[in-house]
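Secondary and tertiary structure notes
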Amino acid sequence: MPSKKATQQLLDARRFTVILHVTCLLLISVTCHADYHKYQHEPTGFPPDDYSEECSIYLAPSTIPGAGLGMFSGKNYKENDFLTSGDLLVPLIDLQAHNGDIDIHDLVLQSYYWLTYSMPAFMQSEASHTLAFSPGAGAALNCFFPLINTQAWEEETLFGQEGLHRSNDPGVGAFSPYYNRTTYATRDIKGGEELFTDYGPAYFTTQEDVFGKIPLLDTIPQTDALLRAFVKMRDKILPLVAHHATNSDDNQQTFQKDWYNLITSLSATWPSRVLNGLPRTADDVDRLAQTSVTWRDYNQSVKTIDWLETHGRCMDNIYPARSLINQAGRGAFAKRKIPLGSLVAPAPLVHLDVRVLQMYPGQVVTDEDDDDDKEDADLHDHSTDFQADLSKPFRHYQLLLNYCFGRAGESSVLLCPYGMMTGLINHARGNKANAKIVWNEDFSPHFEWKEQPLQQWIYNDVTGLAFDFVATRDIEPGEEVVIDYGEQWQAAWDDHVQRWKPPGRADTYQSAVELNDDVSHVIRMSKEGLYQYVNVLCHEWYRHVQGHRVITSDEDDSTTTTINCQATSRRKTANGEIRYTAELYRHITGVDKCQQVLIGILFDLPRQAFVFEDLPYTRDLHQSWAFRHVMQIPDELMPDIWKDLKIQSG
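Residues numbered from 1 in each chain as written. Predicted model: local features only at pLDDT ≥ 70, side-chain atom pairs only at ≥ 80, totals over all residues. Heavy atoms only, no water.

Points about the overall build of the protein
Basically, it comes down to this: Numbering goes from the N terminus for both helices and strands, where a helix is a DSSP run of H or I of at least four residues and a strand is a run of E of at least two. Remark: exposure states derive from per-residue accessible area (1.4 Å probe, protein chains only) relative to the maximum for the residue type, with buried under 20%, exposed over 50%, and partly exposed in between. We call two residues in contact whenever any of their non-hydrogen atoms come within 4.5 Å of each other. Accessible surface is estimated by sampling points in the Shrake-Rupley manner with a 1.4 Å probe; for residues, cover comes only from the protein chains shown.
Check the secondary structure of the protein and you find 15 helices and 28 strands. Within the span of the protein, comprising 650 residues, buried residues form 53% of the whole. For the protein, the proportion of contacts with a sequence separation of at least 24, taken over those separated by at least 6, is 77%. When the accessible surface of the protein is summed, it comes to about 31200 Å², and 51% of that surface belongs to carbon and sulfur atoms.

Dropping the structure here:
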C-alpha cells in the first residue's frame, strides 16, 4: 500500500494534469468576434449655465498606476450630459517634417496631441499632416478601455476669428481659431469616478514596450466569453473533485484557485490582451462572469469627494467666451467667485525644446498614381507631403508657442500648460492682472528638474512639472481672468502692432470655412479666374448620380467624399436657383512636374454640390506676419540653471 504522502502527491499530480488539460481545451474553445459597444450617439441638449459653488471636475492623481494625473467627476452625471465647456484646439502643422531626424513620437508632446482624421475637415486641410494639441480635457483625460465613460463631440468643434480679419487686425493668426471641442458622458457617471476617454487602439499597440498587452475594446468580449466558459466548465468539474476528496469544500476551493491561477499565469509566458483582462483573483470570477470584466477595476477608479478635495484641484472655476480684450480672441472667465490667494486652475506642464516648434520653408508635393488605366487611382490613391528645407533658416514658429511659458533669448525650454480653459487666460499689464502662476509641487513628480540643466531632462518622455494659476485679488463671477505675460511679451506685442500692416489682397481674403458657410455665394467660373486661397471641390455623390462612377458597398457614398472641380458655366432656373456645369480634374504636382488632367464633366449642379478647401499654409495662423512670442516665466520662478541660451551667448 502506498503511503499517505505518496497518495497525496499522486492526487496533486493528477489534479495539476487535469487543470492543465482542461485549461488548454478552454483556451482553444473560446472564440468571440463580437464588436464591443462604441459610443457613437450624440449628446442631447446643450451645456447648462451651471454656476454652482461645488466643483464639478477635479484634477487628481490617477487611479491607473503610472498614469500621473487624471480627471474626476465632482458630482453625478447622466448619460449624454456635458462634462466640460468647449475646449481649445491648437493645430500642429507638419510637425515631423519640420523636425527632420528628431522623431516626434519620442517627445512627451506625443502623449498630448490628437490625430485629426476624426475632426472636422476644415482642420485636416490646414496642411499635409495636421495634429491637434487639445490643452483641456483632451490632454487631461486618461484612457482605460474597460471603463471609458466620456467622448469628445468632434462635430461641435467650431472655427472662428472672433470678428478679426487680416485686413484690419494685428491679432489675427496669434490665437487658435478652433474651439468648442466639448466632452460629454457616454454613460451615467457617479460623483468621484475617474473620467476616461478612448485614445484609439493604435496608441497602445504601437507602444507595447511601454504599456504591454493591455486589454482593448475588441478584446473585452473575448475575455468575457473566456470567463463564462471557465465558469461553465468549472461547475461541471467541481462535483467530480468533491466526489473524490475527503474534505470537499477545501478541495473545491483549492482546485478552483489553482486552476484559475494557472490560466492567468499563462500571460507571463504567452502575453495576451484577452488573458490580461481577466479578474485579478478567483474571488471575483463569479461576480464578473455575471456582468462583464469591464467592471473589474471600477471600484478602485472611484474616489470620495473628500479625497478629491484633499488630494486634487478643482478644474472648472473658469469658462470660455469672447475676450473683452482687443485682439485677444477668446478668453477665460470666472465661473464662481475666486477669493484672493485661491486656485483659479491647476496647470500641469508639457515641456519642449523651443526648436521643436520652429518652422522651415519648403514645398507641398503630391504623390499620385500615374496609371491612367486604373479608373479611380487618380482620385483616391494619392497623398501630399510637406518637404521642409532644413538647410535654410527657420521662418516662423508653430502657433503652440503662444500658449507656452518660456524666456525668449535666454532659455531653450518651453512649458506648455494644460487644464480646463487655462489656454484662454489672456494678458494684462501689472496691477491690471488678477491672477498669476506659481509652482505646484504636489503635481510635480520631477520637481528636482528645477535644479538640473535642461539637457538632463528636456527630452524626457514623461511630464514632471506643474503650475497653478492663483488669484492675486478677489475675482467676481463673470470677470475675465488675466495674468501678466511679462515685459518681454509686452515689448514684442507693442513692436508687432507698430510694424504691422495688412498683407497684400487682404480685403479679398476668405477662408474655406467662410465660403462654405455662405450658401448664397456664387461659384466663380474658370474664365473669371481661380480662387486665390482655396481649392474648389465637388461632392463625389453627384458624380455617382450622373453615372460617371459606380460606388461600391465598401466605399463612402455620402456627400463628404470630394473631387477637384471647376465651374465652367452657370445658368439661372425659372425659380431663381443657379445651376452649374463643372469639369472634374486631378492635379499632379512634384519637384519636377505640375499637371492638371481633365477626367469628366458634371451638369446641372446646385450650389450645395460645391465645397471649398483651404490651400495648405494659407490661413492666418501660418503667415509670417502672425504674432509669435512665449509668455514669460517670472524671474522668481525661473531657475538660473535653465538659462542655457544666455550661458551660450555669454
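Side note on the sheet that holds strand S2 (residues 69–73)
Put simply, the rule reads: When DSSP finds two or more bridges between two strands, those strands count as paired.
Reading across from one edge, S2-S1-S9 is the order of the 3 strands in this open sheet, with antiparallel pairing throughout. Two strands lie at the open edges of the sheet, namely S2 and strand S9 (313–314), each paired on one side alone. Inspection of the sheet shows strand S1 (residues 57–61) paired to S2 by 5 bridges, in the antiparallel sense. Residue pairing in the sheet places Leu59 in a bridge with Met71 of S2.

Notes on the side chain of Ser411
As a reminder, the rule being used: Here a polar contact is taken to be a pair of N or O atoms separated by no more than 3.5 Å, where protein atoms must pair a possible hydrogen donor with a possible acceptor and residues adjacent in sequence count only if both atoms sit in side chains.
In this structure, Ser411 sits in the loop between strand S17 (405–406) and strand S18 (413–417). Among the polar contacts listed, one links the side chain of Ser411 to the backbone nitrogen of Val413, at a separation of 3.2 Å. A polar atom in the side chain of Ser411 sits 2.8 Å from the backbone oxygen of Trp642. Excluding residues within four positions of it along the chain, Ser411 makes contact with Leu454, Met638, Trp642, Lys643, Asp644 and Leu645.

Quick word on the nonpolar core
Put simply, the test is: The definition of a nonpolar core used throughout is a set of buried Ala, Val, Leu, Ile, Met, Phe, Trp, Tyr and Cys residues joined through side-chain atoms within 4.5 Å.
Ranked by internal contacts, the top residues of the largest apolar core, which has 94 residues, are Leu109, Val344 and Leu400. Here this core takes 6 residues from strand S12 (residues 343–353), the largest share from any one element. When residues no more than four places from it in sequence are discounted, the contact partners of Val344 are Asn317, Ile318, Ile338, Ala435, Phe469, Val470, Ala471, Ile475 and Val481. Among the nonpolar cores identified, the runner-up in size contains 21 residues, and Tyr531, Cys538, Tyr542 and Leu602 belong to it.

A closer look at the packing of aromatic side chains
Applied cut-off: Ring geometry is summarised as follows: Phe, Tyr and Trp rings, the Trp one being its six-membered ring, pair when their centres sit within 6.5 Å, and such pairs are stacked at plane angles under 30 degrees, edge-to-face over 60 and tilted between the two. In this analysis the charged atom, NZ for Lys or CZ for Arg, is taken to sit over a ring once it is within 6 Å of the ring centre and within 35 degrees of the ring normal.
Counted under the stated rule, the structure contains 33 aromatic pairs. Aromatic pair Tyr203 and Phe211: ring centres 5.7 Å apart, planes at 40°, arrangement tilted. We note Arg166 situated over the ring of Tyr533; from NZ or CZ to the ring centre the distance is 5.4 Å. The positively charged end of Arg313 is found above the aromatic ring belonging to Phe443, 5.0 Å away from the centroid.

Examining the pairing of strand S21 (residues 465–471)
By the criterion of burial, S21 is predominantly enclosed, with 7 of the 7 residues buried. The side-chain alternation of S21 yields two buried faces, one formed by Leu465, Phe467, Phe469 and Ala471 and the other by Ala466, Asp468 and Val470. The sheet contact formed by S12 and S21 spans 6 bridges and is antiparallel. What sits directly across from Pro346, in S21, is Asp468. In this sheet, S21 lies alongside strand S20 (residues 435–439) in antiparallel orientation, the contact comprising 5 bridges.

Side note on the environment of Leu238
Here Leu238 shows up in helix H6 (residues 220–243). Each C-alpha atom, one on Leu238 and one on Gln253, is 9.0 Å from the other, the two residues being 15 residues apart in sequence.

Observations regarding the pairing of strand S23 (residues 534–539)
In terms of burial, S23 is a largely internal element, 5 of the 6 residues being buried. The sheet contact formed by S23 and strand S27 (residues 610–614) spans 5 bridges and is antiparallel. Considered in S27, the bridge of Asn535 is made with Glu613. Bridge count for S23 against strand S24 (residues 562–572) is 3 bridges, and the pairing is antiparallel.

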